[in-house]
Structure formats: structure tokens, C-alpha cells
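What follows is the residue order along each chain.
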Amino acid sequence: MNFGDKVRMLRKKTGYSQAQLAQALGVSARTVQSYEAGRSLPRSKEVYRRLAGIFGVDLNYLMDDKEEFISEARESYGRRGAEQARKIVDEVAGLFAGGEMAEEDMDEMLRAIQDAYWIAKKNNRKYVPDKYRDSSRRD
């Protein structure tokens, strides 16, 4: 079950309408619709935390490793970082499609690729022109 399916199921179980959930989260109803349709994920972990609190579930239930990776990339590197992270996740998933590899091994491979992403971002940071650097994100 993906994030959108979980949100829809929990929202219906708790009796919230999309508009009521949006108001409780402090986002637009369109944003909640987008979450449920699987078109987007929350932009920050804080939204995941609020959702977990509203629904009375553990944060880890809402976020899998892939979603957490994309969320952290967005928080660290903005929209472009999130797009890069999503592309990595999608491409890695494509590598394993129809394969015989154990789920634990696939998860470990994804974690290794994610670690490589963070190392590459850190090492390449010195090559980013100053005009593209956000002073609040500097190491």
C-alpha cells in the first residue's frame, strides 16, 4: 500500500473529509487530493508527523524508506533534489522489476545507492556556483 492509499484509508476510517483533513494539516484540499491520488508527497517531515498525529499512527507507517529519502532530499536540496531522488528510486525499482532478488537485498541495495547519493551531493557541493547556494543550507 502506497502513501496515498494509506492516507485515503486512514481519512475514511477517521471520518474526515478531504477538506477537513486539509484544514487540520494546514494545506489545501487540492494537496490532500494530490496525496491520495499518488501525484505528490508531503514537502516536509513535519507534514508526515502531523498526519501521523491526526490519524494516531506511527510515523514509520506513513513513510517508507523511499519516501523518507525523497523527503530528506527535498529538505536538503529543494525541488531539484527531490526530483533527483525520485528518479533514483524509480530507476532502482526498474532494475529489480521481475527479478529474483530477496526483498531485504533490494532494500539494502537501495540504501547503498541512497548513501552514494548523499556522498556525491556533499562532495559536489564545492562545485555549485554561489548564486545557486542557499546560505541556510551551507555545511
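Refer to the structure presented above.
Residues numbered from 1 in each chain as written. Predicted model: local features only at pLDDT ≥ 70, side-chain atom pairs only at ≥ 80, totals over all residues. Heavy atoms only, no water.

Participant: Can you lay out helix α4 (residues 45-55) for me, pointing to particular residues and giving the numbers?
Facilitator: Within the sequence span of α4, burial applies to Lys 45, Val 47, Tyr 48, Leu 51, Ala 52 and Phe 55. Down the axis of α4, the buried side of the element spans an arc of 155°, and every buried residue falls inside it. Of the surrounding secondary structure, the elements contacted by the buried residues of α4 are α1 (3-14), α2 (18-25), α3 (29-37), α5 (59-62) and α6 (65-96). (Buried < 20%, exposed > 50% of the residue type's maximum accessible area, 1.4 Å probe, protein only. Helix = DSSP H or I, 4+ residues; strand = E, 2+ residues; numbered from the N terminus. Arc of directions from axis to C-beta. Contact = heavy atoms within 4.5 Å.)

Participant: An account of the pattern of salt bridges is requested, with residue identities and associated values reported.
Facilitator: Applying the stated criterion across every chain yields a total of 8 salt bridges. The partner of Glu 46 in a salt bridge is Arg 49, with the nearest N and O atoms 3.8 Å apart. In this pair, Glu 46 and Arg 49 are both assigned in helix α4, 3 residues apart and thus about one turn of the helix distant. The class of Glu 46 is partly exposed, set by a relative accessible area of 39%. Under the relative-accessibility criterion, Arg 49 is labelled partly exposed at 44%. Between Glu 83 and Arg 79 there is a salt bridge, and its shortest N-O distance comes to 2.6 Å. A residue pair is termed a helical-turn pair when its members lie 3 or 4 positions apart in one helix, as Glu 83 and Arg 79 do in helix α6 at 4 residues. The structure contains a network of salt bridges with shared partners spanning Asp 5, Arg 8, Arg 11 and Glu 36. (Salt bridge = Lys/Arg side-chain N within 4 Å of Asp/Glu carboxyl O.)

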